[in-house]
Amino acid sequence: MRVKTFFSGFFGFILTITLLLLLIVTTFKSTLLNPDFVTNELDKLDIYSIATQQLSDQLSEVAVANMPAEMSNALEGEAPYETIRDIVAEQMPTQMQNYMIEQLSQQLPEYAVYMPQIVETTFTSMGTWMEEQIDTAARGVNAYLTEDALLSITVSLTELKPVLKDNLAQAMRDNPPSEIAILPAAAQDAAIEQVCAKIDSEIAEQVTIDESFLGTEVMTQLEQAKAIATINVSLKQIMNEVFTELEPWIKEQTTNAVNGGYAYLQGETEHLSIVIPMAQMKTTVSDKLEQIIRENIPTDTGVSRSDIDNFIAEMQTMVEEDIPQEFAVDEELLGTEVMTQLERTRDILGYTDTVFKGLIGLAVLMVALIAFLQWRRIKDLAHHVGVACTIAGAVSLTGALVMSNFLLQVLSRLQLDIPTQFTEKASLFASDLSQPMVIYASITLVVGVVLLVISKRLKPSAPEPHDTLPRGAADTSTPAEKD
């Protein structure tokens, strides 16, 4: 009896290990080795929208690169801020200097000869202050052009005025006017201080940068920058519309590519060959480009209709020449190194079905051996199999939950160069990846608990004649019967 119990326990232990491995392999086959699971996950993770956005951005960059010179020369990305700042940085220092010379000359006309020199010296020495004012003005102009805000930018002159006074005083001391040169030194200093004091009293503490301050020429440049920025935004919208319309096609081709790749990896085909027809994409992109460009590109940017027609023709030619009729993913495209890795993966996956079937067979064998050893002992059979199922189910369920949380932590800590949209949905992927294991483990655990409950409720099996003997009776059973 003890020998049967020992071997039943041993076979129960092997059954536990077998069930654990079987649950892992089954989960693996249901998820990462299942093309339907992969395509569903791509859909849930919104990979198609991310891919179309990436393609849209790339194609819009190509479109910008092929724009007429009148557009592309002034275009600096989606937001016009850098272009605007360049224009402001080029024009504003001169405008500010002219403004200060004019103001000082009006308030101190008898000393106007000094003004160009002292203003130039002042602005040269206050480069940092000027850069700060350029940034302030550029942000204000950017808001005016992109947000329809009023163009009214206040530039403080508080830091500028003391430097102006010092430079004016120094210039008058180095080359005093005749009416001051004849005065004694102390009187000269007093007269110069009096002249400089007028800068504090007569020159405003701030200046307002508006359309009249910037002038017609600068405003024309800025308006052109606004129109060009609008063109760039329109191009982004064009590409988004094109690829939004193509999204069902992209989904279909992605599904076909996934199925083709898995067919090769799982040994259903001898050679890797995934062909994606591109004719529909070419037609849609070409037609949409012409339609939406004509609807969105304004004509007030100095670009003629003929230039726009040429631009459209050039883009359509690029689409026709650069996008092939079909795109083939095959061994030649991937190269020797990649194909070597894929062949190794294919060899490993080739054993998956064998291992899966082998584990099922081993589990059935272990149950059969336990049943043989516990022949007519249903209570003991249920106990041994129940213990194996309960342990395997509990361990697998715990592992699935731990794996899900661990995968989330790993994805959140890794600094991967992947779109933010994907990382935000990592929890969904981790949950879906572990869900089959949770289901299978839960079922196994429930089966194990039920078997244990049954084993507790069943009455002990009737002992065989040699298991119990009357007190004092001799055991006449043979060794074979004892076993």
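In what follows, the structure referred to is the one given above.
All values derive from a computational prediction rather than experimental measurement. (Residues numbered from 1 in each chain as written. Predicted model: local features only at pLDDT ≥ 70, side-chain atom pairs only at ≥ 80, totals over all residues. Heavy atoms only, no water.)

Participant: Now, about the overall build of the protein chain: what can you tell me, with residues and values included?
Facilitator: Tallying secondary structure elements over the protein chain gives 19 helices and four strands in all. The buried share of the protein chain, reckoned over its 483 residues, is 37%. Here the protein chain displays about 27,000 Å² of accessible surface, and carbon together with sulfur accounts for 57% of that area. (Helix = DSSP H or I, 4+ residues; strand = E, 2+ residues; numbered from the N terminus. Buried < 20%, exposed > 50% of the residue type's maximum accessible area, 1.4 Å probe, protein only. Areas by Shrake-Rupley, 256 points an atom, 1.4 Å probe, with all protein chains shown as cover.)

Participant: Describe in detail the pattern of salt bridges, supporting the description with residues and values.
Facilitator: What the rule picks out here adds up to nine salt bridges. For Arg 173, the salt bridge goes to Asp 189, with nearest N and O atoms at 3.6 Å. Note that Arg 173 is positioned in helix H8 (residues 160-174) and Asp 189 in helix H10 (residues 185-202), a separation of 16 residues in sequence. Taking relative accessible area as the criterion, Asp 189 reaches 36% and is therefore assigned partly exposed. Residues Arg 346 and Glu 270 are paired through a salt bridge, measuring 3.7 Å at the closest nitrogen-oxygen approach. Here Arg 346 is found in helix H14 (residues 331-350), whereas its partner Glu 270 is found in the loop between helix H11 (211-265) and strand S3 (273-277), with 76 residues between them in sequence. (Salt bridge = Lys/Arg side-chain N within 4 Å of Asp/Glu carboxyl O.)

Participant: Provide a residue-level description of helix H15 (residues 352-373), including the pertinent values.
Facilitator: Along its 22 residues, H15 runs 31 Å from first to last C-alpha, staying within 8% of the 32 Å computed at 1.5 Å per residue. Every buried residue of H15 is accounted for by Thr 352, Leu 359, Ala 363, Met 366, Ile 370 and Leu 373. Looking straight down H15, one finds its buried side chains confined to an arc of 105°; they lie on one side. Opposite its buried face, H15 presents the exposed residues Thr 354, Lys 357, Val 364 and Phe 372, each directed more than 90 degrees away. (Expected span 1.5 Å × (residues − 1). Arc of directions from axis to C-beta.)

Participant: Tell me about the environment of Met 339, and name the residues and values.
Facilitator: Mapped onto the secondary structure, Met 339 falls in helix H14. Between the C-alpha atoms of Met 339 and Leu 272, which are 67 residues apart in sequence, the distance is 9.1 Å. Excluding anything up to four places from it in sequence, Met 339 contacts Tyr 264, Leu 272, Glu 331 and Leu 334. (Contact = heavy atoms within 4.5 Å.)

Participant: I'd like a rundown of the pairing of S3, residues and numbers included.
Facilitator: Where burial is concerned, the two faces of S3 differ: the one with Ile 274 and Ile 276 is buried and the one with Ser 273, Val 275 and Pro 277 is not. Inspection of the sheet shows S3 paired to strand S4 (residues 326-330) by five bridges, in the antiparallel sense. Within S4, the position partnered with Pro 277 by the bridge is Glu 326. (Pairing = 2+ DSSP bridges.)

Participant: Break down the nonpolar core for me, citing the residues and quoting the values.
Facilitator: Residues Met 92, Met 96, Met 100, Trp 129 and Leu 168 are the most contacted members of the largest nonpolar core, which totals 46 residues. Elements with a contribution of two residues or more to this core: helix H5 (81-107), helix H6 (115-125), helix H7 (127-146), strand S1 (153-156), H8, H10, strand S2 (206-209) and H11. Broken down by element, the residue count for this core peaks at eight residues, all from H5. Counting residues in each nonpolar core, the second largest holds 14 residues, with Leu 246, Ile 250, Met 278 and Phe 311 among its members. (Core = buried A, V, L, I, M, F, W, Y, C linked by side-chain atoms within 4.5 Å.)

Participant: Go over the side chain of Thr 18 with me, naming the residues and quoting the values.
Facilitator: Mapped onto the elements, Thr 18 comes out in helix H1 (residues 2-30). Not counting the four nearest positions on each side in its chain, Thr 18 is found in contact with Leu 359, Leu 362 and Ala 363.

Participant: Pulling in residues and values, what's your account of the packing of aromatic side chains?
Facilitator: On inspection of all chains with the given rule, the structure shows four aromatic pairs. Here Phe 7 and Phe 11 contribute two aromatic rings whose centre-to-centre distance is 6.2 Å and whose plane-to-plane angle is 35°, an arrangement assigned as tilted. Separated by four residues within a single helix, Phe 7 and Phe 11 lie in helix H1, roughly one turn from each other. For Phe 11, a relative accessible area of 16% translates into the label buried. Summarising the aromatic geometry, the rings of Phe 123 and Trp 129 are spaced 6.1 Å apart at their centres and angled 70° between planes, so their arrangement reads as edge-to-face. Relative accessible area serves as the criterion here: at 8%, Phe 123 is assigned to the buried category. Exposure remark for Trp 129: the relative accessible area of 4% places this residue in the buried category. Counting every residue linked through ring pairs, the aromatic cluster contains Phe 6, Phe 7, Phe 10 and Phe 11. (Phe/Tyr/Trp six-rings, centres within 6.5 Å; stacked < 30°, edge-to-face > 60°.)

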